[in-house]
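# Structural overview
One letter stands for each residue in the lines below.
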Amino acid sequence: MRALDTLARLCALLAGSLLTAITVMTCASVLGRNLFGATLAGDFELTGVATGLAIALFMPWCQLRRGNIIVDFFTSRARPGTIALLDRLGALLVATVMALLAWRTLLGGLNAWGNHSGSMLMGFPDWVVYAGMVPPLMLTALIAFYQALTPLAGEAP
Amino acid sequence: MTPVGMALLTFGLMLVLMALRTPIAVAMFVAGALGYGAQAGWPPLSSFLNHQAFARFASYDLSVIPLFILMGHLAAHGGISKALFAFASAVMSRFQGGLAMAAVLASAAFGSICGSSVATAATITSVALPEMRRHGYSGRLATGTLAAGGTLGILIPPSVPLVVYAILAEQNIAKLFAAALLPGLIAMLGYMAAIAVYVRWVPGHAPERRAEADREPLDARAWVGMVPIALIFSLVFGGIYGGFFTPTEGAAVGVAPTLVAAWLQRELTWAKLAQCFYATAEGSAMIFLIFLGADLMNASLALTQLPNQLAALVLGWGWAPLVVVAAILLLYVVLGSVMDELSMLLLTIPIFFPLINSLDFGLPQESVAIWFGILVLMTVGFGMLAPPVGLNVYVVNRLAKDVPIAESYRGVLPFLVSDTLRLLLLVCFPGISLWLVGFVR
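Please read these numbers as outputs of a predicted model, since none were measured by experiment.

### Considering the packing of aromatic side chains
- Summed over all chains, the structure comprises 19 aromatic pairs over all chains.
- On the numbers, 4.7 Å between centres and 35 degrees between planes, the contact of F233 of chain B with F237 of chain B is tilted. Of the two residues, F233 of chain B and F237 of chain B both sit in helix α12 (residues 227-241), four residues apart, roughly one turn of that helix.
- When its relative accessible area of 7% is taken as the criterion, F237 of chain B is described as buried.
- By the ring-pair criterion, three or more aromatic residues cluster together here, those being F68, F177, F233, F237 and Y241 of chain B.
- A cation over a ring is seen here: R104 of chain A above W103 of chain A, with NZ or CZ 4.5 Å from the ring centre.

Here it is, written out as structure tokens:
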């Protein structure tokens, strides 16, 4: 779990740095446009690309912290053991969905590689983004899978 | 199976999974994927999934969401809120219940650079709750005020739910932000009025009016607390409405001065910056996963033709347009009490928006879309407070260890009354929401 934790942290920090980079680039672009009339053509495409990577990189940490919203209203009176069991089943579903997404995104990336698709103005290749999204999605699946297997507090070991 | 049966089955599966503590996003994803696959076949589902994560995550339009969230967390960790609350309490110290009103004022000001109600509630609670308890405010009033104040984070622009609405309904974000400003200020004044009435009617929750000598002076030092927020807000919104940059760029531009302000306050260490990134990770990833789940659910529901049939059915009843709006808002209040607000918007706007568009309110279509967006935003705020699952109430209550949750729910009641009155006002007078939009080019 230590390794998963460290990886998830690294992903989140990398993603945060990407967002900061977007900020710097956008500020430069806005200043350039309004002060010097110099436009950075396609800067918004880079923002899209960087956001895509950042969001995928945010996923592992969110899952590690169980940050995805659940409805606990209907199970508020259930026994702790039942709740822990349901949470493990929920984590298993998350792991399945994330593994599915990672797999399909990999295929989508291969597809994008094959037909050389890219952004409109800059021609930034789409496959790079797909390729960057697959590892964090896999890591998220792994974290959720680990959570599904680990007994939680209140559960008989 | 009939299409309607199919729709009910996918919807039912989603609700069962949700009730069994599956994350809401994943419940929508699983039910939606199964429904889509069963109707359209599995190869179309597979090719849909191939590009879905890329299409949703790497979207320029949606980049505002993580950026506004990051901006909010930078402001929260950057020591801006402390000086802000000091300023607010200096302004409000002459009134009975003044510290509670100050918490509302500080929440509103903080909400002008933060787009999330939970982040606003948590931030202002951390600075205002100890002060309120120290001055003898009851746990009920203190936590109720802070939970309600938190909703100003989304009622006053920027606002993440409003961005989501703008994208779903294909409306101009700048115009929606402009439309939200007056209703947001009315919300702030309404909350202050609720406090003023409550402390008079129900004694014992706030201390008596403070003596002249005991009040914080409203001097130059106090005003300094307001400066960073005012500067950032004017820069972001001045730039957007002055035509210097787009709202999407505005989010990125806003992060920079917030970072600088936090750094100048000497509050932002590397460790705190990392905390901001982690918090942004949790907030953003959660929202984008909900996007993915709702996409699949909506694709599946669209195949059943249920949204169209529902619109035709409701139109066939021949109800007055305002009655339809009222019914939708009522449904939102009910749904919002058990579901999270973003999932609710993502699932229902694709169904209700075409319906609203086909009704005649005697207003241009764009105005109707903007006005309806503001009404939806208000009911979302309502859902953040109303029992049994008011997210803001939970967040604030978790920070107030000695206050039972039932007390906090009792504490939000006066604010729910204020919310209801404001919603009625905005339903009856669309002009309140639309007036400022007229100035946006």
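Alright, that's what it looks like, and here's the rest.
### Brief notes about empty space enclosed by the protein
- Within this structure, the stated rule accounts for three cavities of 30 Å³ or more.
- One number sums up the size of the largest cavity: a volume of about 50 Å³.
- I22, M25, T26, D43, F44 and T47 of chain A together with Y60, T248, E249 and A252 of chain B together form the lining of the largest cavity.
- Listed by contribution, the elements that provide at least two residues to the lining of the largest cavity are α1 (2-36) and α2 (43-64) of chain A together with α13 (247-264) of chain B.
- Looking at the lining of the largest cavity residue by residue, the class counts come to five nonpolar, three polar and two charged.
- Roughly 40 Å³ of volume is contained in the second largest cavity.
- Tallied by class, residues from the lining of the second largest cavity come to four nonpolar, three polar and three charged.

### Notes on helix α9 (residues 160-168) of chain B
Residues and elements named next belong to chain B.
- Burial within α9 is extensive, with seven of its nine residues counted as buried.
- Close packing links the buried residues of α9 with α4 (64-77), α8 (139-155), α10 (173-201), α14 (270-303), α17 (341-357) and α18 (365-385).
- Two residues or fewer after α9 comes E170, characterised by a positive phi angle close to 55 degrees.

### What about the pattern of salt bridges?
Residues and elements named next belong to chain B.
- Counted according to the given criterion, the structure contains eleven salt bridges over all chains.
- Note that E131 and R134 form a salt bridge whose closest N and O atoms lie 3.1 Å from each other. Remark: R134 and E131 occur in helix α7 (residues 117-134); sequence separation between them is three residues, near one turn of the helix.
- For the salt bridge of D402 with R133, the shortest nitrogen-to-oxygen distance reads 3.2 Å. Of the two residues, D402 is situated in the loop between α19 (391-399) and α20 (405-428) and R133 in helix α7; the sequence distance between them amounts to 269 residues.
- Given the relative accessible area of 57%, D402 is considered exposed.
- Judged by its relative accessible area of 31%, R133 is partly exposed.
- If you follow the salt bridges from partner to partner, you end up with R140, E407 and R410 in one network.

### Focus: the interface of chain A and chain B
- Counting residues at the interface gives 56 residues for chain A and 51 residues for chain B.
- Here chain A meets chain B over a buried area of about 5000 Å², counting both sides, of which 75% is carbon and sulfur.
- When the buried area of chain A at its contact with chain B is split by residue, I69, V71 and R104 of chain A rank highest and sum to 13% of it.
- The tally of links between chain A and chain B comes to three salt bridges.

### What about the packing of α1 of chain A against α4 of chain B?
- Look at α1 of chain A against α4 of chain B: their axes get within 11 Å of each other, and the N-to-C directions meet at 100 degrees. Classified by the interaxial angle, the pair formed by α1 of chain A and α4 of chain B is roughly perpendicular. Here L19, I22 and T23 of chain A of α1 of chain A come into contact with α4 of chain B, specifically with P66, L67 and L70 of chain B.
- A breakdown of the residues in the contact of α1 of chain A with α4 of chain B according to their chemical character gives five nonpolar, one polar and no charged.

### Some remarks on the confidence of the model for chain B
- Averaged over every residue, the pLDDT of chain B is 90; residues scoring 70 or more account for 99%.
- Both confidence scores are given for the complex: pTM 0.90, ipTM 0.94.

### So, the side chain of T51 of chain A
- Structurally, the position occupied by T51 of chain A is in helix α2.
- Looking at T51 of chain A, its side chain comes within polar contact range of the main-chain oxygen of T47 of chain A, at 2.6 Å.
- Ignoring anything within four residues of it in the chain, the contact list for T51 of chain A reads I22 of chain A together with F57, S63 and P66 of chain B.

Reading the values: the criteria
Residues numbered from 1 in each chain as written. Chains lettered and ligands numbered in written order. Predicted model: local features only at pLDDT ≥ 70, side-chain atom pairs only at ≥ 80, totals over all residues. Heavy atoms only, no water. Phe/Tyr/Trp six-rings, centres within 6.5 Å; stacked < 30°, edge-to-face > 60°. Helix = DSSP H or I, 4+ residues; strand = E, 2+ residues; numbered from the N terminus. Buried < 20%, exposed > 50% of the residue type's maximum accessible area, 1.4 Å probe, protein only. Lys NZ or Arg CZ within 6 Å of the ring centre and 35° of its normal. 1 Å grid on protein atoms, 1.4 Å probe; cavity = no way out; pocket = protein on both sides within 12 Å on 5 of 7 lines; lining within 4 Å. Points joined across faces, edges and corners; volume = space filled by probe spheres on them. Nonpolar A, V, L, I, M, F, W, Y, C, P; charged D, E, K, R; others polar. Contact = heavy atoms within 4.5 Å. Salt bridge = Lys/Arg side-chain N within 4 Å of Asp/Glu carboxyl O. Buried area = accessible area lost by both parts, 1.4 Å probe. Axes fitted to C-alpha atoms, helices over the stretch in contact; angles between N-to-C directions. Parallel < 35°, antiparallel > 145°, perpendicular 65-115°, else oblique. pLDDT = per-residue confidence, 0-100. Polar contact = N/O pair within 3.5 Å; in protein donor to acceptor, adjacent residues only side chain to side chain.

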